Amino acid sequence: MQLPTEVKDTSRAFLVEWIIDVHRKFRLMPETLYVTVFLIDQFLSLQQIKKSQLHILGVTSLLIATKYEEIYPPELKDLLQVSENKFSRAEVLKMELDMLSVLQFQVQVPTSYRFLERFRKLSLVTANDDKMFFFAQYLQEIALLDASLLKYRSSEIAAASLILAARNLKKVGTFWNKEMEKATGMLDAEL
């Protein structure tokens, strides 16, 4: 996925950082964050926008993701409020229509968070280790900030974050054994 040159790393990183803060403020499901960032990146890869429109893109992406992922999504007025009412309800709804049209309503993808959950269950080393899982999740959130990592598949990011977490917390040289390689189709050496 390639981002337009006007919206490069720093602007995108600030937007994702803001999304992470709002995500935590509303105590949303982890998957909502990853879907939101996916929507932003997909839209930016297909449609050029001005740097000044990034904030409304972030709010709109969060709105769409919460509608899809949350049982009780925040209301649009609440999202506008945390955005300091920089734009109107009508502007967000127009952006939502534009985004859904450009994305052809493709608003879901297997995210790195879902892969992380799956890999955790597959591994005997990480299956019941919440500390390692949350550290791997933290590493994935850091990866969301870096646009240069968009070239990697979500499954690769999840596997790499879990391996890094295991190496740092458990001091395990490698736990990505033959069973993990067979189940995921990824070799430890590739990750």
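Residues numbered from 1 in each chain as written. Predicted model: local features only at pLDDT ≥ 70, side-chain atom pairs only at ≥ 80, totals over all residues. Heavy atoms only, no water.

## Observations concerning the side chain of Ser 161
Part 1 of the argument: When you line up the elements, Ser 161 lands in helix 8 (residues 154-170).
Part 2 of the argument: Here Ser 161 falls in the buried class, since its relative accessible area comes to 4%.
Part 3 of the argument: Engagement of the side chain of Ser 161 in a polar contact is seen with the backbone oxygen of Ala 158, the distance being 2.9 Å.
Part 4 of the argument: Once you skip the residues sitting within four places of it in the chain, Ser 161 turns out to touch Leu 116, Ala 136, Leu 139 and Gln 140. (Helix = DSSP H or I, 4+ residues; strand = E, 2+ residues; numbered from the N terminus. Buried < 20%, exposed > 50% of the residue type's maximum accessible area, 1.4 Å probe, protein only. Polar contact = N/O pair within 3.5 Å; in protein donor to acceptor, adjacent residues only side chain to side chain. Contact = heavy atoms within 4.5 Å.)

## Things to note about the pattern of salt bridges
Part 1 of the argument: This model, assessed by the stated rule, comprises 10 salt bridges.
Part 2 of the argument: One salt bridge in this structure joins Lys 94 and Asp 98, with 2.9 Å as the shortest N-O distance. Of this pair, Lys 94 and Asp 98 both sit in helix 5 (residues 89-102), four residues apart, which is roughly one turn of that helix. (Salt bridge = Lys/Arg side-chain N within 4 Å of Asp/Glu carboxyl O.)

## Remarks on the packing of helix 2 (residues 30-46) against helix 7 (residues 130-145)
Part 1 of the argument: Direction vectors running N to C along helix 2 and helix 7 enclose 20°, while the axes themselves pass 11 Å from each other. The pairing of helix 2 with helix 7 is recorded here as roughly parallel in orientation. Regarding helix 2 and helix 7, the two cross each other, and that crossing is left-handed. Where helix 2 approaches helix 7, its residues Pro 30, Leu 33, Tyr 34 and Val 37 are matched on the opposing element by Gln 137, Gln 140, Glu 141 and Leu 144.
Part 2 of the argument: For the contact of helix 2 with helix 7, the class distribution of residues is five nonpolar, two polar and one charged. (Axes fitted to C-alpha atoms, helices over the stretch in contact; angles between N-to-C directions. Parallel < 35°, antiparallel > 145°, perpendicular 65-115°, else oblique. Left-handed = near helix turned anticlockwise from the far one by under 90°. Nonpolar A, V, L, I, M, F, W, Y, C, P; charged D, E, K, R; others polar.)

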